[in-house]
Amino acid sequence: IRIGRNKTGSTVYEISGFLDHIPVIRFCFTYHHKIRVYICNHKPDIIQFIGKSSLTNYICFPSILFFKKSRCCHRRGIKLFFREILPEKKDALQFPVIVFLHEGLGSVDQWKDFPEKLVEAAGFPAIVYDRQGYGKSSPLTEKRGLDYIHKEEKLLQKFIDALKLKFYFLVGHSEGGSLGLIHASKHPKGLLKVVTLSANSFNEPKITPSIQAVMKVYEEPESKLKTGLLKYHGDKTDDIFYAWSKT
């Protein structure tokens, strides 16, 4: 137990630890007498309330402990790998969910710890998934045309429907941002906001020569770029790289 004071001068307590190898949810709170204690039971998505007080004059500031679950969603023969990042709220997926859309050479793992940091800051659960052709999802089944993002938007909608997301946000990086904007243009029920990071909304003349330069680096003997992508995409690496670079 650690004790300190917040900005208002109230005493703040922080509890963390383990009970029979089960992590106790860490949180800070201000209180006068009794305390609330939450623990996680053996199912990582369920929180059990084991402490109670008759007092109601308290303020609780969660210090979030994350639960990660990796699963696959199958839609018409296409497997989409995804990871849920759940804050300590019970039934977290009943709250608006942040759905991450990665860039043109990205994957779940390439987001690093950014999704966790956003979940902690926002307090909402998140779903990070590998788009078709990437990471642990199914490979591409056809050659991409110039309308490939519009086609992928239909798969995104099926993915959202399969997970039964009532309300959600989209956070898209680069090509993923373009995907999010196209999805928003359909005015889907349940979409609350779209956040884009360097989305491609028009054809910039400087992009083409830059991509051609990247292709030369990729095709070099013992290319570090290709080696790095192989780590995440395996035998699908050439397919997704040339699909990205040629469209």
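Cut-offs used in this document
- Residues numbered from 1 in each chain as written.
- Predicted model: local features only at pLDDT ≥ 70, side-chain atom pairs only at ≥ 80, totals over all residues.
- Heavy atoms only, no water.
- Helix = DSSP H or I, 4+ residues; strand = E, 2+ residues; numbered from the N terminus.
- Buried < 20%, exposed > 50% of the residue type's maximum accessible area, 1.4 Å probe, protein only.
- Contact = heavy atoms within 4.5 Å.
- Areas by Shrake-Rupley, 256 points an atom, 1.4 Å probe, with all protein chains shown as cover.
- Axes fitted to C-alpha atoms, helices over the stretch in contact; angles between N-to-C directions.
- Parallel < 35°, antiparallel > 145°, perpendicular 65-115°, else oblique.
- Left-handed = near helix turned anticlockwise from the far one by under 90°.
- Nonpolar A, V, L, I, M, F, W, Y, C, P; charged D, E, K, R; others polar.
- 1 Å grid on protein atoms, 1.4 Å probe; cavity = no way out; pocket = protein on both sides within 12 Å on 5 of 7 lines; lining within 4 Å.
- Points joined across faces, edges and corners; volume = space filled by probe spheres on them.
- pLDDT = per-residue confidence, 0-100.
- Salt bridge = Lys/Arg side-chain N within 4 Å of Asp/Glu carboxyl O.
- Polar contact = N/O pair within 3.5 Å; in protein donor to acceptor, adjacent residues only side chain to side chain.
- Core = buried A, V, L, I, M, F, W, Y, C linked by side-chain atoms within 4.5 Å.

Draft legend 1. Seen up close, the overall build of the protein. In terms of helices and strands, the protein carries six helices and 12 strands. Within the protein, buried positions represent 42% of all 247 residues. Put simply, of all contacts in the protein between residues at least 6 apart along the chain, 57% involve residues at least 24 apart. Carbon and sulfur atoms provide 55% of the accessible area of the protein, an area that totals close to 14800 Å².

Draft legend 2. Up close: the packing of helix α4 (residues 207-218) against helix α6 (residues 237-245). As a packed pair, α4 and α6 sit with axes 10 Å apart at the nearest point and diverge in direction by 160°. Judged by the inter-axis angle, α4 sits roughly antiparallel to α6. Judged by the twist between their axes, the crossing of α4 over α6 is left-handed. Residues Ile211, Val214, Met215 and Tyr218 of α4 pack against Thr237, Asp238, Phe241, Tyr242, Trp244 and Ser245 of α6. In terms of residue class, the contact of α4 with α6 is made up of seven nonpolar, two polar and one charged.

Draft legend 3. Focus on the layout of surface pockets. If you add up the space inside the largest pocket, you get close to 650 Å³. For the largest pocket, the lining is made up of 24 residues, of which Tyr148, Ile149, Glu175, Asn200 and Thr247 are closest to its centre. Residue assignment for the lining of the largest pocket shows that the elements contributing at least two residues are α2 (148-163), α3 (175-185), α4 and α6. Grouping the amino acids of the lining of the largest pocket by side-chain chemistry returns 10 nonpolar, 11 polar and three charged.

Draft legend 4. Seen up close, the confidence of the model for the protein. With 66% of its residues at a pLDDT of 70 or more, the protein shows a mean pLDDT of 76. Low confidence marks residues 1-7, where pLDDT is under 50. Its contacts with residues over four positions away, or in another chain, come to 16 contacts. Confidence drops under a pLDDT of 50 for residues 10-66, and excluding neighbours within four residues, the segment shows 121 contacts in the predicted structure.

Draft legend 5. A look at the pattern of salt bridges. Taken as a whole and assessed by the stated rule, the structure comprises seven salt bridges. Measuring nitrogen to oxygen at the nearest pair gives 2.5 Å for the salt bridge that ties Arg131 to Glu152. Linking Arg131 in the loop between β10 (126-129) and α2 with Glu152 in helix α2, this pair joins segments that are 21 residues apart in sequence. Among the residues examined, Glu152 registers a relative accessible area of 11% and is labelled buried. Between Asp238 and Lys226 there is a salt bridge, with its nearest N and O atoms 3.4 Å apart. Here Asp238, found in helix α6, pairs with Lys226, found in helix α5 (residues 224-233); they are 12 residues apart in sequence, far enough to count as distant. You can call Asp238 partly exposed: its relative accessible area is 33%.

Draft legend 6. Geometry of the side chain of Arg131. Under the relative-accessibility criterion, Arg131 is labelled buried at 1%. One polar contact links the side chain of Arg131 to the main-chain carbonyl oxygen of His102, over a distance of 2.8 Å. Reaching out from Arg131, the side chain makes a polar contact with the side chain of Glu152 at a distance of 2.5 Å. Aside from chain neighbours lying at most four places away, what touches Arg131 is Leu80, His102, Glu103, Gly104, Ser137, Arg144, Glu152, Glu175, Gly176 and Leu179.

Draft legend 7. Representation of the nonpolar core within the structure. Ranked by internal contacts, the top residues of the largest apolar core, which has 21 residues, are Val99, Tyr129 and Leu165. For this core, the secondary structure elements donating two or more residues are β8 (78-86), β9 (97-101), β10, α2, β11 (168-173) and α3. For this core, the element with the most residues is α2, which contributes seven residues. In contact with Leu165, other than residues within four places in its own chain, are Val97, Val99, Ile127 and Ile160.

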